[in-house]
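Each chain is listed here by its residues.
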Amino acid sequence: MNAISNTRNGACLVVCGAVAVALLISVLGCTPPAAAQPEQVIRYNLTTEPKTLDPTRNSDLMAGYIINHCYEGLLRDSNGKLIPGIAQSWDVSADGKTYTFHLRDAKWSDGKPVTAKDFEYSWKRVLDPEVASTYAYIFYFIKNGEARYNGKATPEDVGVTAKDDKTLVVELENPTSFFPQLTAFMAYMPVRSDIVENDPEKWALSAKTYAGNGPYILKEYGAAGLVMEKNPNYWNVSAVKLPRIESSFINEASTELAAFENGDLNILENFPSAEMPRISKTKGFVAFPQIVTYFYTINTEKKPLDDVRVRKALALAVDRKALVEKVLQGVDIPAINVVAQGLLDSAGKDFSKTSGNFGMDPAGSAKPDEARKLLAGAGYPDGKDFPELTLLYNTSEAHKQHAEAVQEMWRRELGINVKLMNQEWQVFLESRKSGNYDIARGHWWGDYADPMTFLDMFTSDAGTNWPRWKNAEYDKLIAQSMSLSGKERDEAMYKANAIFMNDMPIVPLFYPTDDFVIPENVKGVERTSWSAFYFGNTVIE
Amino acid sequence: MARFVISRVFSIALTLAVIVTLTFFMMHSIPGGPFAQDKEVPPEVLRVLEAKYRLDEPLYVQYANYVKGLLVWDLGPSFQKIGVSVNDIIKQSMPASAKLGAVTFVFVLLIGIPAGIFSAVKRDSFPDQAIRFMATLGQTIPSFVLATLLIYIFSSRLRIFPTFGLRTWKHFVLPAIALGGYSLSFVTRLVRSSMLEAMGQDYIRTARAKGVPEFQVFFKHALRNSLIPVVTYIGPLIATVITGSFVVEKVFAIPGMGKFFVDSITNRDYTVLMGLTILDAILLCAAILIVDLIYGLIDPRIRVDK
């Protein structure tokens, strides 16, 4: 990536000489005259070709962006706000466990009516173990959802029933206040049983058979990119402003930047990190917050990391402010909690910010004196006799830079030596899962906008409990909060979060933002709370 | 001649069998699997997935199944792209790689051979030194630097060529230079040095002594002999440019085979990795075989059936 900035000066001569050629070309009239009306097309790059576009089998956000345009769930997520989708309204039972959705008159892109049965079919399809969908756990809130996916219940046991064509009744395991929000999520969008059953493996590979119920239809789909156009059969088609969206599959950040700068793309998402200082000053630069936490997980089964004082010392010695400003170029947010910011409790307060500081500085500065004291208390004054630990990360330039910065902070503040080790992604997953590490990188995307999406990662038997941390009280509180609601649920979750953070099995580092350049003439770009764009209300001026 | 071809085909088949076997077992010995992810799938579902792709059988059975499929050129389903077979991936991605490869091949020979001859003829002149300098440069600049540099200058700044894709003839220019840069330099140097070597031979002196015009000495006597090393290089060159370069395809977002190759390793997409490795090996072996046959045409002294 540095090649770009380093070659800039060296290339100057060549550039100057060739500018003359470019001028000549434009004088000769090769450039088309400027159009009076800007073309109403969004050209947005997806880095890779999605593994599947089938909403019931997809777990990838890139495909989620396409699905969000071609499909519509019961509700729609517009900039994080819920607006009616296929459901006009819904009722909740007194115990909060049964939702009844009332569907509007809507059509599929081939003109057939959208019915409650479509939803029942699709949701049950995700939970079918034979389909082996990888996002099924997002349906575990539904009664018998988990049992079904694990092969311990029949489709009939699952709490989704189409009472008639226009009424969908959903029974939940526990009162789940954020359930309506889930119905706007990509995995909850409906597919057509007749089309899917006709060719379950290949139906989502061709624009011809890819029938949707959303604002757009897939017009072209190939290895080089895809095109979506307005769906004339969408129930709210009059509200869709942008007629056409094109997406390419450029997987090289410097190429995407070049394509954006010469006008082949309207929106810039990926660019070499070395360009951040320049890009962040560009007009139209936006850093969207996301539900993500970047942290280091500590193997609590290994000595001396089984000592909470050592873990706390490691957490306190990290200067998150410096990490964000110097290494991350100042866009991301320092993190002092595993729970990402922006997730609210029942009173509408930010859970992560309200939960507490757990001894860390909320602005992100290190507390070296306290860290040293803790380490001395654990028997390692000034880091003496502290064994050499290994910090493991998956191979990537960015992860390496973060690790080097933290390694230096620990060395400087605590006098301890940490060795860096990188592994290829799959090998890394294996090492982290099997506890074959001292300290390892972690990066978690919330699946839904509730603190629970982070908290339930660390129960004793969770597959994502990488620190191998066990706390019976924590398990109990998490289990309890599943069946509670409102203030009681908040209390249980705050308590659980405090137990976790005070024991520090992970070192939170920062909350990555999602950075874009959206030029000022591109108006009305929307984004879901789960980080997918929606261009239906976009106008290019 | 027939005996030669048969024995070569036989040894190619043996080579391929070794490649298939080694790749298969090495691939399965690296940690990780196609269904590993941050959030693990429950054991029940993992069982379904493994049964579906027949990964639950003992490794030797999987190997036997794979070889059986291979004999009828059924390379199996991709583990990552739902509903797509490896045959589909090859069918879809090979044309892009092959088209770019063909353009690059022509570009390399069309410029490399004349440049090498010119350099040899004008030995130690300024143009020769300039060509030698460029050739050395071309061999040392990694293709990703060259590709990024080309995009930066010709797409980003000058806006003469497009940044990505393979739609019009203009789209081929920068990727072909980036892909062929190394080979072009190599061919130029090769032609130059073998041309100079040929020029020092006795038969050239004889030709000159007999009063053969200098033009004929170069093109009739020296050139023909100096092209033999180039022909040797053509085999690997074809195989390399046609199967796609990961770097060039990534930088120019070309939907070719190189991209799938590397992705398949990262994703542990076993069948794709196997299929593309085998295809690559077949193309390389075929190219080398063809080159062996061409030798005889250029130089009658090389008798392939001896």
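Please read these numbers as outputs of a predicted model, since none were measured by experiment.

Criteria and thresholds
- Along each chain, residue indices are assigned from 1 in the same order as the chain's sequence is written.
- To label them, take the chains in the order written and letter them from A, then take the ligands in the order written and number them from 1.
- Given that this is a predicted model, residues contribute local features only at a pLDDT of at least 70 and side-chain atom pairs are listed and counted only at 80 or more, while totals for whole chains, interfaces and linings are drawn from all residues.
- Side-chain numbers here rest on the full set of heavy atoms in the structure, without hydrogens or water.
- By the criteria applied, helices consist of DSSP H or I runs no shorter than four residues and strands consist of E runs no shorter than two, each listed in order from the N terminus.
- For every residue, the accessible area (1.4 Å probe, protein chains only) is compared with the maximum for its type, and the residue is labelled buried under 20%, exposed over 50%, or partly exposed between those bounds.
- Contacts between residues were defined by any pair of non-hydrogen atoms, one from each residue, lying within 4.5 Å.
- Residue-level confidence of the predictor is what pLDDT reports, using numbers from 0 through 100.
- A 1.4 Å probe defines the accessible area here, and the buried area is the portion of it lost by two parts on being joined, summed over both.
- Salt bridges, as used here, are contacts in which a Lys or Arg side-chain nitrogen is within 4 Å of a carboxyl oxygen on Asp or Glu.
- Counting of polar contacts relies on pairs of N or O atoms within 3.5 Å, with two restrictions inside protein: one atom must be capable of donating a hydrogen and the other of accepting it, and residues adjacent in sequence are counted only when both atoms are side-chain atoms.
- Note that the domain bounds were set by an automatic or database domain assignment.
- Just so you know the grouping, Ala, Val, Leu, Ile, Met, Phe, Trp, Tyr, Cys and Pro go in nonpolar, Asp, Glu, Lys and Arg go in charged, and all remaining residues, Gly too, go in polar.
- Think of it this way: a Phe, Tyr or Trp ring, Trp meaning its six-membered ring, pairs with another when their centres are within 6.5 Å, and the plane angle makes it stacked under 30 degrees, edge-to-face over 60, tilted otherwise.
- Each ring is checked for a lysine NZ or an arginine CZ that lies within 6 Å of its centre and within 35 degrees of its normal; such an atom marks a charge sitting over the ring.
- What makes a nonpolar core is a set of buried Ala, Val, Leu, Ile, Met, Phe, Trp, Tyr and Cys residues whose side-chain atoms join them at distances within 4.5 Å.
- Directions drawn from the helix axis to the C-beta atoms are what define this arc.
- Strands pair, by our definition, only if DSSP identifies at least two bridges between them.
- Orientation is described by axes fitted as lines to C-alpha atoms, over the contacting stretch for helices, and by angles from 0 to 180 degrees between their N-to-C directions.
- A residue counts toward a patch only above 30% relative accessible area and without a salt bridge, and it is joined to like-charged neighbours within 9 Å or, for Val, Leu, Ile, Met, Phe, Trp and Tyr, to nonpolar neighbours within 5 Å.
- The protein chains shown are the only cover counted for residues, whose accessible areas, like all others here, come from Shrake-Rupley with a 1.4 Å probe.

K.L.:
Help me out: how do you make sense of the overall build of chain B in this one?
P.N.:
For chain B, the helix and strand inventory stands at 13 helices and zero strands. The N-to-C order of helical and strand elements in chain B reads α-α-α-α-α-α-α-α-α-α-α-α-α. For the C-alpha atoms alone, the extent of chain B along its principal axes is close to 85 × 60 × 30 Å. Looking at chain B as a whole, 48% of its 306 residues are labelled buried. Sequence separation of at least 24 residues holds for 72% of the intrachain contacts in chain B that already meet a minimum separation of 6.

K.L.:
For this particular structure, what's the right way to read the confidence of the model for chain B?
P.N.:
Any segment with low pLDDT has predicted coordinates that should not be analysed in fine detail. Here chain B averages 87 in pLDDT, and 97% of its residues register 70 or above. Both scores are given for the predicted complex: the pTM is 0.85, the ipTM 0.85.

K.L.:
In this structure, what is going on with the confidence of the model for chain A? I would like to understand it.
P.N.:
Scored by pLDDT, chain A has a mean of 90; 93% of the residues are at 70 or more. Within the model, pLDDT remains below 50 along residues 1–33 of chain A, and this stretch shows 20 contacts once partners closer than five positions in the same chain are excluded.

K.L.:
Is there a simple way to explain the interface of chain A and chain B in this structure?
P.N.:
A common way to state how big an interface is: give the accessible area lost once the parts meet. Facing 55 residues of chain A, the contacting portion of chain B comprises 45 residues. Roughly 4600 Å² of surface becomes buried between chain A and chain B when both sides are summed, with 60% attributable to carbon and sulfur atoms. For the chain A face of the interface with chain B, the top three residues by lost area are K51, N262 and Q426 of chain A, together amounting to 13%. On the surface where chain A and chain B come into contact, there are six salt bridges. Salt-bridge contacts for E49 of chain A lead to K81 of chain B; the nearest nitrogen and oxygen are separated by 2.6 Å. The interface formed by chain A and chain B contains 13 residue pairs in polar contact (both at pLDDT 80 or more). Of all the elements in the fold, those that place two or more residues in the side of chain A that touches chain B are helix 1 (2–10), helix 2 (12–27), helix 8 (253–261), helix 15 (425–433) and strand 16 (439–445) of chain A.

K.L.:
Sorry if this is basic, but what is going on with the domain arrangement of chain A here?
P.N.:
All names here are of chain A. Taken domain by domain, chain A holds domain 1 (73–193) and domain 2 (292–511). Its C-alpha centre places domain 1 at a distance of 34 Å from the equivalent point of domain 2. Contacts between the two partners involve 11 residues from domain 1, matched on the other side by eight residues from domain 2. At the boundary of domain 1 with domain 2, total buried surface from both sides reaches about 770 Å², with 55% on carbon and sulfur atoms. The largest share of the area that domain 1 buries against domain 2 comes from N174, P175 and F178, three residues that together contribute 48% of it. For the pair domain 1 and domain 2, the number of links is zero salt bridges. The tally of links between domain 1 and domain 2 comes to two residue pairs in polar contact (both at pLDDT 80 or more). Its residues assigned to classes, the side of domain 1 that touches domain 2 comprises eight nonpolar, three polar and no charged.

K.L.:
What should I look at first to understand the packing of aromatic side chains in this one?
P.N.:
The description of an aromatic ring pair rests on the distance of the ring centres and on the angle between the ring planes. For the structure on display, the rule yields 51 aromatic pairs over all chains. Three or more aromatic residues joined by ring pairs make a cluster, and in this case those are W90, Y99, F101, F119, W123, F139, F179 and Y188 of chain A. Directly above the aromatic system of W466 of chain A lies the positively charged group of R432 of chain A, at a separation of 3.6 Å from the ring centroid. The lysine or arginine in question, K259 of chain B, covers the ring of F260 of chain B, its NZ or CZ lying 5.3 Å from the ring centre.

K.L.:
How do you make sense of the nonpolar core when you look at a structure like this?
P.N.:
The nonpolar side chains of soluble globular proteins are, as a tendency, buried together. Formed by 175 residues in total, the largest nonpolar core has its most connected members in W123, L168 and W410 of chain A. It is helix 13 (residues 270–298) of chain B that provides the largest number of residues to this core, a total of seven residues. When residues are assigned to domains, this core turns out to be shared by domain 1 (73–193) and domain 2 (292–511) of chain A, each giving three or more.

K.L.:
Please explain helix 11 (residues 320–327) of chain A as it appears in this structure.
P.N.:
Residue pairs spaced three or four apart in an α-helix point in one direction, given the helix's 3.6 residues per turn. All names here are of chain A. Every buried residue of helix 11 is listed here: R320, L323 and V324. Projected down its long axis, helix 11 carries its buried residues within an arc of 90°, all on one side. In this structure, the buried residues of helix 11 make contact with helix 10 (308–316), strand 13 (333–334), helix 14 (397–414) and strand 17 (506–511). Here helix 11 starts with a cap whose side-chain oxygen sits 3.2 Å from the backbone nitrogen of K321, and that cap is D319. Once helix 11 finishes, Q329 follows within two positions and takes phi at roughly 65°, a positive value.

K.L.:
What am I meant to see in the sheet that holds strand 4 (residues 87–92) of chain A here?
P.N.:
All names here are of chain A. Taken in spatial order, the four strands of this open sheet run 4-5-7-6, and their pairing is antiparallel. Looking at the sheet topology across the chains shown, the edges are occupied by strand 4 and strand 6 (160–164). Direction aside, the axes of adjacent strands within the sheet are offset by 20° on average. One ladder, built from five bridges, connects strand 4 with strand 5 (residues 98–103); its direction is antiparallel. Paired with W90 across the strands is F101, a residue of strand 5. Sheet strands in contact with helix 4 (residues 116–127) are strand 5, strand 6 and strand 7 (167–171), and its direction is about 165° off that of strand 6.

K.L.:
Even after reading the chapter, I still don't get the side chain of T52 of chain A, so can you show me in this structure?
P.N.:
In this structure, T52 of chain A sits in the loop between strand 1 (41–45) and helix 3 (61–70). Among the polar contacts listed, one links the side chain of T52 of chain A to the backbone nitrogen of D54 of chain A, at a separation of 3.1 Å. When residues no more than four places from it in sequence are discounted, the contact partners of T52 of chain A are R57, N58 and A63 of chain A together with I82 of chain B.

K.L.:
Help me understand a nonpolar patch on the surface, please; the structure alone is not making it clear to me.
P.N.:
Together, V18, L22 and M26 of chain B line one region of the surface with nonpolar side chains, adding up to about 300 Å² of accessible area. As for its placement among the helices and strands, L22 of chain B is situated in helix 1 (residues 2–29).

K.L.:
Which parts of the structure should I look at to understand the environment of I540 of chain A?
P.N.:
All names here are of chain A. Looking at where I540 falls in the secondary structure, it is placed in strand 22 (residues 539–540). For I540, a relative accessible area of 5% corresponds to the buried category. Between the C-alpha atoms of I540 and N521, which are 19 residues apart in sequence, the distance is 5.6 Å. Ignoring sequence-local partners within four residues, the contact set of I540 consists of P38, E39, Q40, V41, I42, L242, N266, N521 and V522.

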